[in-house]
Amino acid sequence: MSDTTHDGAIVTAAPPSPDAGLKPAELAAKYGLTVSGARPGLFEYVRQLWGRRHFILAFSSAKLTAQYSQAKLGQLWQVATPLLNAFVYYLIFGLILGAGRGMSKEVYIPFLVTGVFVFTFTQTSVMAGVRAISGNLGLVRALHFPRASLPISFALQQLQQLLFSMIVLVLVAVAFGSYPSLSWLLVVPALALQFVFNVGLALIMARWGSNTPDLAQLMPFIMRTWMYGSGVMFSIQEMLKGKPSWIADVLMYNPAAVYMDLMRFALIDGYDKSNLPSHVWFAALAWAVLLGVVGFVYFWKAEERYGRG
C-alpha cells in the first residue's frame, strides 16, 4: 500500500497486522502460549509429583541433617527433645498430678512416652507445613515444580525423625516389660495412616500459611490445646469418669488420640482393647483418607498463587 505526499514523494505504508484486533487470550491460543506457572490438571499434577519423588526425599533428608547441624550433640537431639518432653510431663502430670491413675508404672511410662512421640510427629508436621511455602519463597519463585513437594517433604522429614525416635520408644517399652510380639507389626499400618493424615493436614496449613504468615505465631497455642485434649499425658476414659459419655467419645475419636491409641495398643502389653474406641481402625483410615484427599485437592486448587505478590 502506498500514498503520495504534497511534494510528489511516494510513501509506502506497512500492511495491517494479521493479529490486529485479537484479544490477549486469542493471541495466546493462536501461537500456542500458556500461562507461566499455570495449574495442571489433578492427575497431571500427581504425575509431576511422582516425577519429583527423588527431590522430595533428598530435600527432606537434607533438612533433617541440617536441623541440628549447629548443635554439639547433632542428630541426638532428634531423640533427646521428645524424650526430655516426656520426662517433664512425667514429673508434672505423672508424679505431682497423678495423671496415670488406673495404670501401673510399667504401663504409664511407655504410655506417656508413646503419646509424646506420636503427637510430636503430627505437631511438627503441622508447624512445618505452615511455613512450607512462606518460608521458602526464594525456592518457590526461582524454580518451577509442584508446590506440594514442599509440605510433603517436610512431613516426610518428621516421619524420618520419628523413626529415629522409635529406637528409644522400643527400648522404653522393653525396659518396662513389653516385649516384641506380633502386635508390634501393627506399628507399620498405624504410622502409614498417620503419615497420610499428617501430609493432608500439612498441605492445608501450607495454603493457609502462604496467605497468612501470622498463622505461624498462633499455631503453637492451637497445638498445645489439641495436645491437652488428646490424652497424651492421661487416659481419657479414666480422667473423664462421671462426665457425660459424649465428651470422652469426642476426645477419643479425634485423630491425634486415635493414632496414639493404636501405637500404644501395638507396643504396650498392658494396654488392651478395652482402652480403644470402637472401630478404631476404621476411624484411623477415615481420618487419613479424608484429610489426605481433601488436603491435597485444597492445596492443588491454589497452585498458581503460591509465591505471587
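This structure is a prediction, so every number in the text was calculated from the model and none was measured. (Residues numbered from 1 in each chain as written. Predicted model: local features only at pLDDT ≥ 70, side-chain atom pairs only at ≥ 80, totals over all residues. Heavy atoms only, no water.)

Draft legend 1. Seen up close, the pattern of salt bridges. All told, the structure shown has three salt bridges when counted by the stated rule. Notably, a salt bridge pairs glutamate 44 with arginine 47, separated by 2.6 Å at the nearest N-O pair. Of the two residues, glutamate 44 and arginine 47 are both situated in helix H2 (residues 42–51); the distance of three residues between them amounts to about one turn of the helix. Owing to a relative accessible area of 52%, arginine 47 belongs among the exposed residues under this scheme. Salt-bridge contacts for lysine 241 lead to glutamate 238; the nearest nitrogen and oxygen are separated by 3.3 Å. With relative accessibility at 58%, the residue lysine 241 sits in the exposed group. (Salt bridge = Lys/Arg side-chain N within 4 Å of Asp/Glu carboxyl O. Helix = DSSP H or I, 4+ residues; strand = E, 2+ residues; numbered from the N terminus. Buried < 20%, exposed > 50% of the residue type's maximum accessible area, 1.4 Å probe, protein only.)

Draft legend 2. A look at the packing of helix H4 (residues 77–96) against helix H5 (residues 105–130). Contact pair H4 / H5: the axes reach a minimum separation of 9 Å and the direction vectors enclose 130 degrees. If you check the angle between H4 and H5, you find them oblique. You can see that H4 and H5 cross each other, and the crossing is right-handed. Contacts between H4 and H5 pair Val79, Pro82, Leu83, Asn85, Ala86, Tyr89, Tyr90, Phe93 and Gly94 from the former with Lys105, Tyr108, Ile109, Leu112, Val113, Val116 and Phe117 from the latter. Of the residues that constitute the contact of H4 with H5, the class distribution is 13 nonpolar, two polar and one charged. (Axes fitted to C-alpha atoms, helices over the stretch in contact; angles between N-to-C directions. Parallel < 35°, antiparallel > 145°, perpendicular 65-115°, else oblique. Left-handed = near helix turned anticlockwise from the far one by under 90°. Contact = heavy atoms within 4.5 Å. Nonpolar A, V, L, I, M, F, W, Y, C, P; charged D, E, K, R; others polar.)

Draft legend 3. Molecular detail of the packing of H5 against helix H9 (residues 215–228). Following both chains from N to C, one finds H5 and H9 inclined at 165 degrees, their axes separated by 10 Å at the closest point. In terms of orientation, H5 and H9 fall into the roughly antiparallel class. Considering the relative orientation of H5 and H9, their crossing is right-handed. Contacts between H5 and H9 involve Phe119, Thr122, Gln123, Val126, Met127 and Val130 from the first element and Leu215, Ala216, Met219, Pro220, Met223, Trp226 and Met227 from the second. In terms of residue class, the contact of H5 with H9 is built from 11 nonpolar, two polar and no charged.

Draft legend 4. Fine view of the layout of surface pockets. By volume, the largest pocket is sized at about 330 Å³. Here the lining of the largest pocket is built from residues that sort into 14 nonpolar, two polar and one charged. (1 Å grid on protein atoms, 1.4 Å probe; cavity = no way out; pocket = protein on both sides within 12 Å on 5 of 7 lines; lining within 4 Å. Points joined across faces, edges and corners; volume = space filled by probe spheres on them.)

Draft legend 5. Up close: the side chain of glutamine 157. Position of glutamine 157 among the secondary structure elements: in helix H7 (residues 149–175). Excluding residues within four positions of it along the chain, glutamine 157 makes contact with Ser60, Lys63, Leu64 and Gln67.

Draft legend 6. Representation of helix H3 (residues 53–67) in the model. Taking 1.5 Å per residue as the helical rise, H3 with its 15 residues ought to reach 21 Å, and the 21 Å between its terminal C-alpha atoms agrees with that figure. Contacts made by the buried residues of H3 are with H2, H4, helix H6 (137–142) and H7. (Expected span 1.5 Å × (residues − 1).)

Draft legend 7. Region of the structure containing the environment of serine 181. Following the sequence through the fold, serine 181 ends up in the loop between H7 and helix H8 (187–211). Taking the C-alpha atoms as reference points, serine 181 and leucine 267, separated by 86 residues in sequence, lie 8.4 Å from one another. One polar contact links serine 181 to serine 183, side chain to side chain, over a distance of 2.9 Å. (Polar contact = N/O pair within 3.5 Å; in protein donor to acceptor, adjacent residues only side chain to side chain.)

Draft legend 8. A look at the environment of serine 178. Looking at the secondary structure, you find serine 178 in the loop between H7 and H8. Using a relative accessible area of 2% as the deciding quantity, one classes serine 178 as buried. Along the chain, serine 178 and aspartate 269 lie 91 residues apart, while their C-alpha atoms are 5.2 Å from each other. Contacts of serine 178, omitting those with residues within four sequence positions, involve Ala173, Trp184, Leu267, Ile268 and Asp269.

Draft legend 9. Focus on the confidence of the model for the chain. For the chain, the mean per-residue pLDDT works out to 85, and 85% of the residues sit at or above 70. Summarising per-element confidence for the chain, the mean pLDDT is lowest in strand S2 (residues 10–12) (52) and highest in helix H13 (residues 280–301) (96). (pLDDT = per-residue confidence, 0-100.)

Draft legend 10. Looking closely at unusual backbone geometry. Unlike most non-glycine residues, histidine 279 shows phi in positive territory, near 55 degrees. By the secondary structure assignment, histidine 279 is in the loop between helix H12 (255–267) and H13.

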